[in-house]
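Residues per chain are reported as follows:
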Amino acid sequence: MAQQTGSTEKETRPVSAFLQLFTWEEIRMHNGHGQGQEQWLVIDRKVYDVSKFSKRHPGGRQVLSHYAGQDATDAFIAFHNDKSLVERYLKTLLIGELAPDQPSCESNKDKALLEDFRELRCSVEKMGLLRPNYTFFFLIFLHLLVLDVASWLVVWHFGISFVPFVVGMAFFTTAQIQMGFFQHDLGHCSVFRKPKWNRLLQIVVINVLKGFPASWWNHRHHQHHAKPNCFRKDPDVSIHPLLFSLGKTLSVELGKKKKKFLPYNYQHMYFILLTPFTFIPFFQSSVFSFAIKKKNWLDLLLTVTFYIRIGLMYVPLMGFNNFVMFFWLSRCLESIWFAWVTQMNHIPMQIDYDSNKDWVSTQLHATCNVKQSLFNDWFTGHLNFQIEHHLFPTMPRHNYCEVAPLVKTLCDKHGIEYKSKTLLTAFSDILHTLKDSGEHWLEAYLHG
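None of the values given here were measured: they were computed from a predicted structure. (Residues numbered from 1 in each chain as written. Predicted model: local features only at pLDDT ≥ 70, side-chain atom pairs only at ≥ 80, totals over all residues. Heavy atoms only, no water.)

1. Some details on the pattern of salt bridges
Part 1: As enumerated under the stated definition, the model contains 15 salt bridges in all.
Part 2: Put simply, D74 and R118 hold a salt bridge, and the shortest N to O gap is 2.7 Å. Of the two residues, D74 sits in helix α4 (residues 73–79) while R118 sits in helix α6 (residues 111–126), which places them 44 residues apart along the sequence.
Part 3: For R118, a relative accessible area of 31% gives the class partly exposed.
Part 4: Where K421 meets D429, a salt bridge forms, and the shortest distance between an N and an O atom there is 2.8 Å. (Salt bridge = Lys/Arg side-chain N within 4 Å of Asp/Glu carboxyl O. Helix = DSSP H or I, 4+ residues; strand = E, 2+ residues; numbered from the N terminus. Buried < 20%, exposed > 50% of the residue type's maximum accessible area, 1.4 Å probe, protein only.)

Structure below.
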């Protein structure tokens, strides 16, 4: 361990004179996997022991563990708008700082890129792009409620003959997917300035109006943003290798090990067949098992109220059997919509193990954009601006279009490709990428 500074350094650095000094090599050893399983991370050159606090971390234990032994400065800044709220926790976790001869971040990170991005972050804050427009989000919330009510009104007024049944189902499906996009905003604390108001309304929207536990979504999604497309750290790529073989590196590795859960060389075909079942049974069963396992009884109770609510709304109008068909067909349509929109930005990008790249490179290598239009913005819940969303996860979605040119300029300066596609190209790239990954697996499986 690096030695503490002497009296001369105490005079020049009075604030941190009594802090223990560490090297990056020492910090890397405390990544949660060694003896004692201690977890240290660095924020702005300060070293914090989060081993015990990780269990109480509002964003989930795994988010901190994914950065154990690494610099987490930019991830910390990206996830926390209200710095005063977390400072009291940080003070109790502080154990030291980097020694003076140690760089501010690991050697494999692009220092120049990080410095420019931090300047951009300061500009974004000064421009007010992290402040929400309440009118915008009120209209978003209002429109999804109108869609939800319109679904019931169509069935109530016109009955359950073929046309009103289909129209009502279309309204219900659209309301549900738009609720998903809105709760996504709330989960990122981008609708209100105070985190508690975001969390309270998120529970109402995702639990009561949509039927999924907020704790389950937060558990998965915060990890996804912390380390996107990193195998064993991003839950969204946990479908490898059970259902799909993802990325060239992982596919070749799987093939060489002669592992085959499914015929991955056909995965670009069965992806289309599996997408209607994203919510059924995968999400629908996993959310209940998660809530029970974590003993989130309130989450579970509120989720059950969703099924009571829609049952009371629709069963008296159409009977139980028709309601079951109405609901599950809606879930299938929503699953298709959800799967294609969420995967168009990530599956075609780099998927590999965590290589501890800097924040900007980690996000840019794992994300791409879909060109902006009023339809694309609405259809994807502004997830067509996936690059900006990942770089600034707490930014209100209505500001993505303003920060996008600044991000593109940053990418051009540092020679990083800023990928932006049409919606149809983004969809087709999912299949092309899955086909390529399947071929890499097959080649390694047969000849590796």
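2. Some words on the environment of A78
Part 1: Its location among the elements puts A78 in helix α4.
Part 2: In the structure, A78 is positioned 151 residues away from N229 in sequence and 18 Å away in space, judged by C-alpha atoms.
Part 3: When neighbours within four sequence positions are excluded, A78 is seen to be in contact with R121, W359, L391, P393 and T394. (Contact = heavy atoms within 4.5 Å.)

3. A few points about helix α19 (residues 400–413)
Part 1: Under the 1.5 Å per step criterion, the end-to-end length of α19 is 20 Å for 14 residues, consistent within 8% with the ideal 20 Å.
Part 2: The elements touched by buried residues of α19 are α6, α16 (359–364) and α18 (386–391). (Expected span 1.5 Å × (residues − 1).)

4. Let's talk about empty space enclosed by the protein
Part 1: For the coordinates displayed, the defined rule picks out 4 cavities of 30 Å³ or more.
Part 2: Counted as a void, the largest cavity has a volume near 140 Å³.
Part 3: The wall of the largest cavity is formed by 14 residues, among which P228, C230, Q350, S355 and T362 lie closest to the centre.
Part 4: Residues of the lining of the largest cavity, tallied by class, amount to 4 nonpolar, 7 polar and 3 charged.
Part 5: Each pocket or cavity is described by its volume, and for the second largest cavity that value is around 70 Å³.
Part 6: Y67, D71, A72, T73, D74, A75, K109, L114, K357, D358, W359 and T362 are the residues that line the second largest cavity.
Part 7: At the level of elements, α4 and α16 are the ones that each hand at least two residues to the lining of the second largest cavity. (1 Å grid on protein atoms, 1.4 Å probe; cavity = no way out; pocket = protein on both sides within 12 Å on 5 of 7 lines; lining within 4 Å. Points joined across faces, edges and corners; volume = space filled by probe spheres on them. Nonpolar A, V, L, I, M, F, W, Y, C, P; charged D, E, K, R; others polar.)

5. Comments concerning the nonpolar core
Part 1: One finds F392 and V407 to be the most contacted residues of the largest nonpolar core, which totals 40 residues.
Part 2: Among the elements of the structure, β2 (40–43), α3 (61–65), α4, α5 (83–93), α6, α16, α18 and α19 are those that each provide at least two residues to this core.
Part 3: Among the elements that take part in this core, α19 stands out by supplying 6 residues, more than any other.
Part 4: One finds L254, Y270, W340 and F427 within the second-largest nonpolar core, a separate group that totals 26 residues. (Core = buried A, V, L, I, M, F, W, Y, C linked by side-chain atoms within 4.5 Å.)

6. Examining the sheet that holds strand β1 (residues 20–22)
Part 1: One open sheet holds the 4 strands; their spatial order is β1-β4-β3-β2, and the pairing between them is mixed. Each end of this open sheet is capped by a strand with a single partner; those strands are β1 and β2. Shown here is a sheet whose adjacent strand axes are inclined to one another by a mean of 40°, direction ignored.
Part 2: Pairing of β2 with strand β3 (residues 46–49), which is carried by 4 bridges, proceeds in the antiparallel orientation. Directly across from L41, in β3, lies its bridge partner Y48.
Part 3: Contacts from α5 reach β2, β3 and β4 (94–98), with the element oriented near 85° to β4. (Pairing = 2+ DSSP bridges. Axes fitted to C-alpha atoms, helices over the stretch in contact; angles between N-to-C directions.)

7. Some remarks on the packing of aromatic side chains
Part 1: Counting across every chain of the model gives 33 aromatic pairs.
Part 2: Where Y264 meets W441, the ring centres are 5.0 Å apart and the plane angle is 90°; that geometry is what we call edge-to-face. Taken as a pair, Y264 in the loop between α11 (248–256) and α12 (267–274) and W441 in helix α20 (residues 423–447) lie far apart in primary sequence, 177 residues in all. Pair check on accessibility: Y264 and W441 agree, each one buried.
Part 3: Ring plane angle 25° and centroid distance 6.2 Å describe the contact between F323 and F327, whose orientation is recorded as stacked. Taken together, the residues span about one helical turn, with F323 and F327 both in helix α15 (residues 320–343) at a distance of 4 residues. Note on accessibility: F323 and F327 belong to one class, buried.
Part 4: Following the ring pairs from residue to residue traces out a cluster consisting of F165, F172, F306, Y307, Y314, F323, F326, F327 and W328. (Phe/Tyr/Trp six-rings, centres within 6.5 Å; stacked < 30°, edge-to-face > 60°.)

8. Considerations on the side chain of R397
Part 1: Along the chain, the position of R397 falls in the loop between α18 and α19.
Part 2: Only 3.4 Å separates the side chain of R397 from the side chain of H382, close enough to count as a polar contact.
Part 3: If we skip the residues at most four places from it in the chain, R397 touches F136, F137, I140, F181, F182, D185, G381 and H382. (Polar contact = N/O pair within 3.5 Å; in protein donor to acceptor, adjacent residues only side chain to side chain.)

9. Quick look at the environment of N369
Part 1: Tracing the backbone shows N369 in strand β5 (residues 369–370).
Part 2: Judged by its relative accessible area of 2%, N369 falls in the buried class.
Part 3: Remark: the alpha-carbon pair of N369 and H382, spanning 13 residues in sequence, is separated by 9.9 Å.
Part 4: The contacts of N369, once residues within four sequence positions are left out, are N345, N384, F385, Q386, I387, E388, Y418, K419, S420 and K421.
Part 5: Within polar-contact distance, the side chain of N369 engages the backbone nitrogen of Q386 at 3.0 Å.
Part 6: Within the structure, N369 has its side chain in polar contact with the backbone nitrogen of I387 (distance 2.8 Å).

10. Things to note about a nonpolar patch on the surface
Part 1: Among the surface-exposed residues, L242, L243, F261, L274 and F277 lie close enough to one another that they form a single nonpolar patch of about 460 Å² accessible area.
Part 2: Here F261 is to be found in the loop between α11 and α12.
Part 3: For F261, a relative accessible area of 47% translates into the label partly exposed. (Patch = residues over 30% accessible without salt bridge, like charges linked within 9 Å, V, L, I, M, F, W, Y side chains within 5 Å. Areas by Shrake-Rupley, 256 points an atom, 1.4 Å probe, with all protein chains shown as cover.)

11. Some points on α11
Part 1: Among the residues making up α11, those that are buried are L250, S251, L254 and G255. Projected down its long axis, α11 carries its buried residues within an arc of 135°, all on one side. Set apart from the buried face of α11 by more than 90 degrees, the exposed residues are K248 and K256.
Part 2: In this structure, the buried side of α11 is in contact with α20.
Part 3: Just beyond α11, the residue with positive phi is K258, at close to 60°. (Arc of directions from axis to C-beta.)

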